[in-house]
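Here's the letter readout for the chains.
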Amino acid sequence: MTRTVQYRLWVDWDFDDAYTEETENMISATGALRVVAPDEYLTGGRGQVGSCSITMHNPDGRYSHGNFAGPLSDLLYDGGSYYAPMYLEVSVDGVPTYARIFTGVIKTITEMHGGGEVVRFDCRDN
């Protein structure tokens, strides 16, 4: 049986609690989370901050910091995307309800290859 997985990505670019859906440019997402066992809370480490890496299609330079003609240019200029709130949702097999699987902030946006046509959002959880 083949499963169908659908994602939705939301970002609050201007920190006003109004999120913009960025799903149409999303290529892929990966994540990692490690926690300390309950019985090791006092003696163990503090665990590790969860992370999520999202690869985005960027043909028009929407997510490029140096694109001063882009729709997000005022918000991305001079590190404006640093710690922009975001969350990622998933739906499996066409279920109309989406479940939030990651909530955090964008730490960096990195242009990958091909003149910035692909970028990566490196995110950390709250």
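Residues numbered from 1 in each chain as written. Predicted model: local features only at pLDDT ≥ 70, side-chain atom pairs only at ≥ 80, totals over all residues. Heavy atoms only, no water.

A few words now on the overall build of the chain. Counting its regular elements, the chain contains 1 helix and 7 strands. Helices and strands appear in the chain in the N-to-C order β-β-β-β-α-β-β-β. Looking at the chain as a whole, 35% of its 126 residues qualify as buried. When contacts within the chain are restricted to residue pairs at least 6 apart in sequence, long-range pairs at least 24 apart make up 53% of them. (Helix = DSSP H or I, 4+ residues; strand = E, 2+ residues; numbered from the N terminus. Buried < 20%, exposed > 50% of the residue type's maximum accessible area, 1.4 Å probe, protein only. Contact = heavy atoms within 4.5 Å.)

With that settled, consider the environment of threonine 4. For threonine 4, the location among the structural elements is in the segment before β1 (5-11). Owing to a relative accessible area of 44%, threonine 4 belongs among the partly exposed residues under this scheme. As for threonine 4 and aspartate 93, which are separated by 89 residues in sequence, their C-alpha atoms are 4.6 Å apart. With near-sequence residues (within four places) excluded, threonine 4 lies in contact with Ser91, Val92, Asp93 and Gly94.

Right, let's get into the state of the cysteines. Inspection of every chain in the model, using the stated rule, returns 0 disulfides. Note on cysteine 52: no disulfide assigned, nearest cysteine sulfur contributed by cysteine 123 at a separation of 5.3 Å. A relative accessible area of 5% means that cysteine 52 is categorised as buried. (Disulfide = S-S within 2.5 Å.)

Right, let's talk about unusual backbone geometry for a bit. Leaving glycine aside, a negative phi is the common case for residues, and trans is the common case for peptide bonds. For aspartate 17, which is not glycine, the phi torsion reads 65° and is therefore positive. Of note, tyrosine 83 is a non-glycine position whose phi angle comes to about 65°, a positive value. Along the chain, tyrosine 83 turns up in the loop between α1 (73-76) and β5 (84-92). Judged by its relative accessible area of 39%, tyrosine 83 is partly exposed.

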